[in-house]
Amino acid sequence: MDIDGTLIELAERPDEVVVSTGLPETLNRLSQRLDGAVALVTGRRLDDIDRLLGRLPIAAAGQHGLERRDAAGHRTTHAVDRTLMATIADRLQGFAAGHPGTEVEDKGLTVALHYRRAPDAEEAARRFVKEALRGVGDALSLHDGKKVLEVKPFGVDKGTAVREMMAAPPFAGRTPVFIGDDVTDEDGFAAVNDLDGISIEVGYREPTVARYRIADVDATLALLASLADRNGEGSMTDRGI
Ligand SMILES: [Mg+2]
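Computed from a prediction, not measured in an experiment: that's the story for all the values here. (Residues numbered from 1 in each chain as written. Predicted model: local features only at pLDDT ≥ 70, side-chain atom pairs only at ≥ 80, totals over all residues. Heavy atoms only, no water.)

### Re the pairing of strand E6 (residues 111-114)
Two faces make up the sheet, and in a regular strand the side chains alternate between them. Residue alternation in E6 divides its side chains into two sets, Val 111 and Leu 113 and Ala 112 and His 114, and both sets are buried. Relative to E6, strand E5 (residues 103-106) runs antiparallel, the two sharing 4 bridges. The partner of Val 104 across the bridge, within E6, is Leu 113. From the end of E5 to the start of E6, which pair antiparallel, there are 4 residues, and Gly 108 there has a positive phi angle of about 90 degrees. (Buried < 20%, exposed > 50% of the residue type's maximum accessible area, 1.4 Å probe, protein only. Helix = DSSP H or I, 4+ residues; strand = E, 2+ residues; numbered from the N terminus. Pairing = 2+ DSSP bridges.)

### Overview of the coordination of the magnesium ion
Summarising the metal site, the magnesium ion is bound by the protein donors Asp 2 (OD), Asp 4 (O) and Asp 181 (OD), whose distances to it range over 2.0 to 2.2 Å. Within one chain, the residues serving as donors to the magnesium ion are arranged as D-x1-D-x176-D. Of this pair, Asp 2 sits in the segment before helix H1 (23-33) while Asp 181 sits in the loop between strand E9 (177-180) and helix H6 (185-194), and the two are 179 residues apart along the sequence. Both residues of the pair, Asp 2 and Asp 181, belong to the buried class. (Donors = N, O, S within 2.8 Å, 3.2 Å for Na, K, Ca; no water.)

### A look at the sheet that holds strand E3 (residues 67-69)
The pairing of strands in a sheet comes from backbone hydrogen bonds and takes either a parallel or an antiparallel form. Strand order in the open sheet formed by 4 strands is E1-E2-E3-E4, with mixed pairing between adjacent strands. Only two strands of the sheet have a single neighbouring strand rather than two, namely strand E1 (39-41) and strand E4 (75-77). Strand-to-strand twist of the sheet, defined as the mean angle between neighbouring strand axes without regard to direction, takes the value 10 degrees. Relative to E3, strand E2 (residues 59-62) runs antiparallel, the two being bridged by 3 bridges. What sits directly across from Gly 62, in E3, is Glu 67. (Axes fitted to C-alpha atoms, helices over the stretch in contact; angles between N-to-C directions.)

### A look at the nonpolar core
By size, the foremost hydrophobic cluster in this structure holds 27 residues, and its most contacted members are Met 1, Leu 7, Ile 8, Leu 27, Leu 40 and Leu 53. Of all elements in the fold, only H1, helix H2 (46-53), strand E10 (198-202) and helix H7 (217-229) reach the threshold of two or more residues within this core. Ranked by residues supplied to this core, first place goes to H7 with 6 residues. With near-sequence residues (within four places) excluded, Leu 27 lies in contact with Met 1, Leu 7, Leu 40, Leu 53, Leu 56, Ile 58 and Leu 224. Listed in part, the 22 residues of the second largest apolar core include Leu 92, Val 111, Ala 132 and Val 156. (Core = buried A, V, L, I, M, F, W, Y, C linked by side-chain atoms within 4.5 Å. Contact = heavy atoms within 4.5 Å.)

### Some thoughts on unusual backbone geometry
Following Pro 169, the chain continues into Pro 170 via a peptide bond in cis, with omega recorded as 0 degrees. Of note, Pro 170 is situated in the loop between helix H5 (158-166) and E9. Note the cis peptide between Glu 206 and Pro 207, where omega equals -5 degrees. Relative to the assigned elements, Pro 207 resides in the loop between E10 and strand E11 (212-214). Phi at Gln 63 is positive, roughly 50 degrees, even though this residue is not glycine. Here Gln 63 shows up in the loop between E2 and E3. The backbone phi angle of His 64 is positive, close to 60 degrees, even though this residue is not glycine.

So yeah, pure geometry; function would need other evidence.
Structure (structure tokens):
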């Protein structure tokens, strides 16, 4: 599962989100029911997940698959040109300094430029990021998300995280399910589709390769609670794909 926009409502700033009461407990119960085969797959840093949800004994991939840890907390990290990322982060900071309301989230392995509080800066921000990336060849990729432009190394994404997790216990041999809301989740959807899994988009963003849809964060939380408690049905609708 993705986190922001999936388990938690989006906020003006990433550090202003509000975790609904009971979410950590629901995730714990779901994980217990599935013998530990539950994972969070987010653009946030792993440390940021702990700040939000507390330190849960649940597997997680952070920064779009660049860092990963199992339920016991053992970490693996993909190699990243941190000097290059720092250079890009510096350039984006320069842009943000001249565009009040925009904000750079430097996560070390990835960097995000948020413009939710500065909607008028959207086009300028997109142009600036594309221009900044033009000089670095194929090394970095841009994801155009919900009020955010995310820069990350090319070749590792949420689909990578899904495939890596599915190759080892406790996930190996199971049917993967990916729930997410934004463009970076498309890689996760594609990966589970390839593995004959279940891809679920939260909301109504198009286009998507997700095969199922659930209305919003509240509906997702209700579905998870119902799965965790083994009572009742969720509220997914088949997109007919
Ligand atoms: Mg999201």
